[in-house]
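For reference, the chains in residue letters:
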Amino acid sequence: MRRLFWMPSLVLAFAAKSFAVIDATSATNTSDPGGGVPWANVGRVNGGSGEYLGNGWVLTAFHVGVGPIELDSGTFQPDGRVIRLTNPSDSSPTDILLYHLVGTPSLSDLTISGSTPGGGSVVTLVGFGRIRDSAQNSYSTIDGPKSGFDWSSGGVKSFGTNKIENFPGGPVFTQNDLGFGKLEVFYLNFTQSVVLRTAHEAQVSTGDSGGAVFYNGQLAGMIDALGSWVYPQPASVFTDESYIGDLATYKSQIDALTGSTAGTGSWSGTSGTTWAAAANWGSNPPPGSPTINTATFNNSGGGNTVIDLGAGVTINTVLFDTASVAAYTIGTGAVGSQTLTLANGGAITTSDTVANGQTVNAALVLGTDRSAQTYTISNNATAPATALTFAGGISGAATGGTAGAKTLAVVGAGDTTISGGITTGGASSLTVTKSGSGTLDFSPGSALSFNSLVATGGATDVNGALGTGNGTAAVSVSGTGTTLKFGSVSQTLSSLSIGAGATVTFTSGLASSFSAAEETGKAPGRFGAAVVPEPGTGGLLLAGALSLLARRRRPVA
């Protein structure tokens, strides 16, 4: 039996591969094939692939992740809006991701196929990855000798063709969740038969996760997984299989999402501080309407920089942009007394040109219902005093929909401060992920009632007790240079996982208050990396799965 592999891109913290196109009939399948294939819409994302849909939106695999897309016309940056598609049958998360760009490429919009091409239909695959790098060879497999081709050492944009395999009842079936979400797929068989194979008979290979599968000029599928006889050897052999996400299954979601968040309004503040006043925006109606779902702050706002949300605002994206943007506060009155709701898949983003810190004083609600969604906080500003601060607290939506697992992704090179705490709300769980080189600071006194914390980059400072109750929070830290610092609060965790190159530190003071001397491990009061502090000297870590840590003496100067 062949082995099925998902296709993680290079941004993930474990060793695995993604896949692209091997053409059995040519090693020069690296230019536009013509015939109405939207070649220019496919780009490179995080070492994998993605396709520009139009209206600022990119589609790729969840396991590839969000990143700049390198298109033939240039490289375009994400603006922080991220939406993970769900399965219509049960609202479970899929391995398909949509995210929005800051700029808009000059490309035609793609059309998602309204129905799945039938069995035997010839489709064209396009992606970035390894191509054929040898004449036909013989390889030893668990199923005996098989013919195939070596992969090239590097990736390049390439294309190939294949036929959709059929089953009784149709070509689509459910791919079981192997860690990145259940998915409705069809598959392609890499055949040696000169009678059955296509003109550019193709098999996926490293570099093409998230790539495009076209049928009659429409986007019919997303390259998702490989069924291989020789993996992880860098080769493809005949009878390998390519597994393709069936986009007709998800067309209604994609069309609704990409069509409903096109509009943007820029704050001018010419008529006071009230968000709902159209005169304060460069759009009518103001952001938060069905057609205007991005609120941009990119100037001085006429001095009106503390924004009154009134009875509350629901928005997909809040964007702070340009070097001219003032220091804004979203939400008036007492901390958390007003409400800002992020629509499902919403984001709050600060661009790298911003020179002032930004504050959300309102209570931030994740989602318009309890369903499984990803929300993004992206601070890319690195100038002094440009932290993005959430003072009013963050919580999952309390009602509506089927309760699912929500994710709050904190990304970027800038610093983010959460002083108002985080709670799960009505979601079944809430995971906070931290990536990028910036610092995420959980301030003292904040309630951190969520289920898991996953840090894969930068620094995370924790000055509050984690978990919905003692022993309920799972913490994972990985990646070279990634640091997690616990302040002087007792922690009872369900698990603590420390990957190679990462550092976990415990202190008797605030996690963010280390001096330069303490950072070197020379000063009293710091407990070294991955060391359990002694009771009574600054908090006790109790972890049910803390087998990799050992109690040690306090270091001395």
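Quick notes on the rules
- Residues numbered from 1 in each chain as written.
- Predicted model: local features only at pLDDT ≥ 70, side-chain atom pairs only at ≥ 80, totals over all residues.
- Heavy atoms only, no water.
- Helix = DSSP H or I, 4+ residues; strand = E, 2+ residues; numbered from the N terminus.
- Buried < 20%, exposed > 50% of the residue type's maximum accessible area, 1.4 Å probe, protein only.
- Contact = heavy atoms within 4.5 Å.
- Areas by Shrake-Rupley, 256 points an atom, 1.4 Å probe, with all protein chains shown as cover.
- Core = buried A, V, L, I, M, F, W, Y, C linked by side-chain atoms within 4.5 Å.
- Pairing = 2+ DSSP bridges.
- Axes fitted to C-alpha atoms, helices over the stretch in contact; angles between N-to-C directions.
- Phe/Tyr/Trp six-rings, centres within 6.5 Å; stacked < 30°, edge-to-face > 60°.
- Lys NZ or Arg CZ within 6 Å of the ring centre and 35° of its normal.
- Salt bridge = Lys/Arg side-chain N within 4 Å of Asp/Glu carboxyl O.
- Polar contact = N/O pair within 3.5 Å; in protein donor to acceptor, adjacent residues only side chain to side chain.
- Patch = residues over 30% accessible without salt bridge, like charges linked within 9 Å, V, L, I, M, F, W, Y side chains within 5 Å.

Overview of the overall build of the chain
Tallying secondary structure elements over the chain gives 2 helices and 47 strands in all. When burial is assessed residue by residue, the chain has 54% of its 557 residues classed as buried. Sequence-distant contacts in the chain: of pairs separated by 6 or more residues, those separated by 24 or more amount to 68%. Total accessible area on the chain stands at roughly 20,000 Å², and carbon and sulfur atoms take up 52% of it.

Some thoughts on the nonpolar core
In terms of nonpolar packing, the biggest core is built from 54 residues, with Phe297, Leu340, Ile348, Leu408, Phe442 and Leu466 touching the most fellow members. When residues in this core are grouped by element, the largest group, 4 residues, is from strand 24 (residues 313-320). Once residues lying within four places of it in the same chain are set aside, the contact partners of Phe297 are Trp267, Trp275, Trp281, Ile307, Val318, Leu319, Phe320, Asp321, Val325, Tyr328 and Ile330. Formed by 38 residues, the second largest nonpolar core is a distinct cluster that contains Val45, Val58, Leu183 and Tyr243.

Let's talk about the sheet that holds strand 3 (residues 42-45)
The strand order across the open sheet built from 7 strands is 7-6-3-4-5-9-8, with neighbouring strands paired in antiparallel fashion. Every other strand in the sheet has two partners, leaving strand 7 (74-76) and strand 8 (78-86) as the edge strands with one partner each. Neighbour-to-neighbour, the strand axes of the sheet open up by a mean angle of 35°, direction not taken into account. Pairing geometry for strand 4 (residues 48-54) and strand 5 (residues 57-61), over 3 bridges, is antiparallel. Each residue of the ladder has a partner; that of Tyr52, found in strand 5, is Val58.

Remarks on the packing of aromatic side chains
All chains considered together, the criterion is met by 15 aromatic pairs. Taken together, a centroid distance of 5.8 Å and an interplanar angle of 80° make the contact between Phe149 and Phe238 edge-to-face. Of this pair, Phe149 sits in strand 12 (residues 144-150) while Phe238 sits in the loop between strand 19 (235-237) and strand 20 (241-246); the two residues are 89 residues apart in sequence, bridging distant segments of the chain. Feature note: the residues Trp267, Trp275, Trp281, Phe297, Phe320 and Tyr328 constitute an aromatic cluster, connected by ring pairs. In this structure, Arg84 packs its charged tip against the face of Phe62, placed 3.4 Å from the ring centre.

Here we look at the pattern of salt bridges
One pass over the full model with this rule turns up 5 salt bridges. A salt bridge links Asp143 to Lys146, with the nearest nitrogen and oxygen atoms 3.3 Å apart. Residue class for Lys146 comes out buried when judged on its relative accessible area of 12%. A salt bridge links Asp255 to Lys251; its shortest N-O distance comes to 2.9 Å. Here Lys251 and Asp255 lie together in helix 1 (residues 251-260), a separation of 4 residues that amounts to about one turn. Residue classification places Lys251 among the partly exposed residues on the basis of a relative accessible area of 22%.

Topic: the sheet that holds strand 19
Across the sheet, which stays open at both edges, the 3 strands sit in the order 11-12-19 with antiparallel pairing between neighbours. At either end of the open sheet lies a strand with only one pairing partner, and these are strand 11 (137-141) and strand 19. Each neighbouring strand pair of the sheet contributes to a mean axis angle of 50°, computed without reference to strand direction.

Focus on the environment of Ala295
Here Ala295 is to be found in strand 22 (residues 292-297). Between the alpha carbons of Ala295 and Gly282 there is a distance of 9.9 Å; along the sequence they are 13 residues apart. Setting aside anything within four residues of it in sequence, one finds Ala295 in contact with Gly265, Trp275, Trp281, Pro287, Ile315, Thr317, Val318 and Leu319.

Focus: the environment of Gln203
When you line up the elements, Gln203 lands in strand 16 (residues 202-204). A relative accessible area of 0% means that Gln203 is categorised as buried. Along the primary structure Gln203 and Thr161 are separated by 42 residues, whereas in three dimensions their C-alpha atoms are 8.4 Å apart. Within the structure, the side chain of Gln203 is placed 3.0 Å from the backbone oxygen of Glu241, a separation counted as a polar contact. In terms of polar contacts, Gln203 uses its side chain to reach the side chain of Ser242, at 3.1 Å.

Focus: unusual backbone geometry
Cis geometry marks the peptide bond from Asn284 to Pro285; its omega dihedral reads 10°. With respect to the helices and strands, Pro285 occurs in the loop between strand 21 (263-266) and strand 22. One non-glycine residue, Asn46, adopts positive backbone phi at about 50°. Examined against the element boundaries, Asn46 turns out to sit in the loop between strand 3 and strand 4. The exposure class of Asn46 is buried, given its relative accessible area of 19%. Positive phi outside glycine occurs at Ala385, with the angle close to 60°.

Focus: a nonpolar patch on the surface
Taken together, the side chains of Val194, Val195 and Leu196 present a nonpolar region at the surface, about 340 Å² in accessible area. By the secondary structure assignment, Leu196 is in the loop between strand 15 (183-189) and strand 16.

Looking at the pairing of strand 13 (residues 156-163)
Extensive coverage of strand 13 is indicated by the burial of 6 of its 8 residues. Where strand 10 (residues 122-129) lies against strand 13, 8 bridges are found, and the strand directions are antiparallel. Within strand 13, the residue paired with Val123 across the bridge is Asn162.

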